[in-house]
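Chain by chain, the residues:
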Amino acid sequence: MRFLLDDEQRAFAHSLDALLTAADTPSVVRSWSAGDHTAGLALWSRIADAGVFALAVPEAYEGVGPLPVELAVAFLELGRHAVPGPLVETVAATALLTEPGLAKRFLPGLASGETIATVAALDGPYGSYALDGDAATIHLTIENGEDGGEGGAGGELRLAQGQGHGPVRTSIDPARRLTRPKPGGELLATGPEFAATAAHALTWARLATAAQALGVGLTLLDRTVAYVKQRSQFGVPIGSFQAVKHRLADAKIALEFARPLLFGAALTMDPADVAAAKVTACEAAYTTARTALQLHGAIGYTAEYDLSLWLTKARALRTAWGTPGECRELVLE
């Protein structure tokens, strides 16, 4: 099948691309990494005004969705420009807060961009960290998701108090700032019903992560192609070497193979389809990052060079919201 975007979806992508290009996102990312959120929050507001977060919010709560295909289009552009912030986590929070009372309370703010959400699994296998907890205004924690506890087999969702505690920790991607959420807080949802809600939120988060990763990979490929046309060895551009062409062709094929899986999964929103799209897009982006680093040589290792903003993000997204092994396991069930 050919998953071609219609005219309206392409226009939406182009408008986001123009907005983010004008925003000079590399400088925004560097400020965000240093703990200065001023430029990042201003960009967040413009992204919200463009309707990105409203795509995951039902019309009844001042959104325009849920529109998973359009969300994938938007997050692909966000990945292309390495936009910082808890973007995927805000989408996941939108899916977690579907109970009518909670939706009325929280979703309008998430859709408008006035509210920024982050989500942490307190009993998760990779540590209890919340992404960009120092910038988020809503801190959701999921507890006892597997073992039950007082909330039963479905676990529980809580609104954590404050912006976390302890020092901010950086991940392999400096723009992904990690904090430990405070335990306890207001109980928002619990029981077996919440298990289905949490699974639904995970599917949305994986879709957004897959789209973001694909965008990261496409930018890495574009920048590397441009670089190998400029860098010369033995009097000719290195892009003319057959070995270089093969590496770039492999990256291009991997990314283009991930694209229909992404949009096909957005159409079905089947958890297995989304998991397949997530692992394929993230592995393609990671492969492209390794190729980009090799072909750039020593300059690719420098943090001052803008390529590093996408290189580190490709590595971080690879395991965000599910490792490759976890996603493959779901596909094979």
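Residues numbered from 1 in each chain as written. Predicted model: local features only at pLDDT ≥ 70, side-chain atom pairs only at ≥ 80, totals over all residues. Heavy atoms only, no water.

With respect to the overall build of the protein chain
When its secondary structure is counted, the protein chain shows 11 helices and nine strands. Relative to the globule expectation of 20 Å for 333 residues, the C-alpha radius of gyration of the protein chain, 20 Å, shows essentially globular dimensions. When the accessible area of the protein chain is evaluated, it comes to approximately 14500 Å², of which 55% is carbon and sulfur surface. (Helix = DSSP H or I, 4+ residues; strand = E, 2+ residues; numbered from the N terminus. Rg over C-alpha atoms; globule rule 2.2 N^0.38 Å. Areas by Shrake-Rupley, 256 points an atom, 1.4 Å probe, with all protein chains shown as cover.)

Examining the packing of helix α4 (residues 68–80) against helix α5 (residues 87–96)
At their nearest, the axes of α4 and α5 sit 11 Å apart, and the two run at 160° to each other. Our classification of the angle between α4 and α5 gives roughly antiparallel. Residues Leu71, Phe75 and Leu78 of α4 form the contact with α5, whose own contacting residues are Leu87, Val88 and Val91. By residue class, the composition of the contact of α4 with α5 is six nonpolar, no polar and no charged. (Axes fitted to C-alpha atoms, helices over the stretch in contact; angles between N-to-C directions. Parallel < 35°, antiparallel > 145°, perpendicular 65-115°, else oblique. Contact = heavy atoms within 4.5 Å. Nonpolar A, V, L, I, M, F, W, Y, C, P; charged D, E, K, R; others polar.)

With respect to the pattern of salt bridges
Close approach of charged atoms allows side chains of opposite charge to pair. Following the criterion strictly, the structure yields 13 salt bridges and no others. Residue Glu156 pairs with Arg158 through a salt bridge whose shortest N-O separation is 3.0 Å. Side by side, Glu156 and Arg158 carry an identical accessibility label, which is buried. Two residues, Lys313 and Asp173, come together in a salt bridge whose shortest N-O distance is 2.9 Å. Note that Lys313 is positioned in helix α10 (residues 307–319) and Asp173 in the loop between β5 (165–170) and β6 (177–180), a separation of 140 residues in sequence. By the burial criterion, Lys313 is buried, and Asp173 matches it. (Salt bridge = Lys/Arg side-chain N within 4 Å of Asp/Glu carboxyl O. Buried < 20%, exposed > 50% of the residue type's maximum accessible area, 1.4 Å probe, protein only.)

Side note on unusual backbone geometry
Omega for the bond connecting Gly65 with Pro66 falls within 30 degrees of zero, at 5°, which places this linkage in the cis form. Here Pro66 lies in the loop between α3 (38–49) and α4. Positioned with a positive phi, Phe234 is a non-glycine residue whose angle comes to about 60°. Mapped onto the elements of the fold, Phe234 is located in the loop between β8 (232–233) and β9 (236–237).

Some details on the packing of aromatic side chains
Scanning all chains against the criterion turns up one aromatic pair. With 4.7 Å between their ring centres and 20° between their planes, Trp44 and Phe53 make a pair best called stacked. Judged by its relative accessible area of 3%, Phe53 is buried. (Phe/Tyr/Trp six-rings, centres within 6.5 Å; stacked < 30°, edge-to-face > 60°.)

Re the environment of Ala249
Structurally, Ala249 is set in helix α8 (residues 242–268). Between the alpha carbons of Ala249 and Leu221 there is a distance of 9.7 Å; along the sequence they are 28 residues apart.

Section: empty space enclosed by the protein
Taking a probe equal in size to a water molecule and rolling it over the atoms shows the remaining empty space. If you walk through the whole model with that rule in mind, you get two cavities of 30 Å³ or more. A volume near 100 Å³ is recorded for the largest cavity. Gly85, Glu89, Leu131, Arg176 and Gln212 are the residues nearest the centre of the largest cavity, which is lined by 16 residues in total. Those elements giving two or more residues to the lining of the largest cavity turn out to be α5, α7 (192–230) and α10. (1 Å grid on protein atoms, 1.4 Å probe; cavity = no way out; pocket = protein on both sides within 12 Å on 5 of 7 lines; lining within 4 Å. Points joined across faces, edges and corners; volume = space filled by probe spheres on them.)

Focus: the environment of Lys252
Turning to its location among the elements, Lys252 is positioned in helix α8. Accessibility expressed as a relative area gives 40% for Lys252, which makes it partly exposed. The sequence separation of Lys252 and Val228 amounts to 24 residues, and the corresponding C-alpha distance is 15 Å.

What about the sheet that holds strand β3 (residues 138–143)?
Pairing is mixed across the open sheet formed by four strands, whose spatial order is β1-β3-β4-β7. A strand with exactly one partner marks an edge of an open sheet, and here the two such strands are β1 (117–121) and β7 (186–190). The mean inter-strand angle of the sheet, taken between neighbouring strand axes irrespective of direction, is 25°. Two elements, strand β4 (residues 156–159) and β7, share four bridges in a ladder whose sense is antiparallel. Its bridge partner lying in β7, Leu159 is registered against Glu186. Those strands touched by α5 are β1, β3 and β4, and its axis lies near 80° from that of β1. Docked against the sheet, α7 engages β3, β4 and β7, running at close to 90° with respect to β7. (Pairing = 2+ DSSP bridges.)

Thoughts on the side chain of Thr209
If you trace the backbone, Thr209 turns up in helix α7. When its relative accessible area of 0% is taken as the criterion, Thr209 is described as buried. Residue contacts for Thr209: discarding those within four places in its chain leaves Val88, Lys278, Cys282, Leu317, Ala320 and Trp321.

Side note on the side chain of Asp132
Position of Asp132 among the secondary structure elements: in the loop between β2 (130–131) and β3. Here Asp132 sits buried without a salt bridge, and the closest side chain of opposite charge, Arg177, lies 5.1 Å off (N-O distance). If sequence neighbours within four positions are ignored, Asp132 has contacts with Trp32, Gly85, Pro86, Ala175, Arg176 and Arg177. (Lys, Arg positive; Asp, Glu negative; His and termini not counted.)

Thoughts on the environment of Ala277
As for its placement among the helices and strands, Ala277 is situated in helix α9 (residues 271–296). A relative accessible area of 1% places Ala277 in the buried class. For the pair Ala277 and Leu157, spaced 120 residues apart in sequence, the C-alpha separation works out to 27 Å. Excluding anything up to four places from it in sequence, Ala277 contacts Ala210, Leu261, Leu262 and Ala265.

All quantities given are derived from atomic positions and should not be read as evidence of function.
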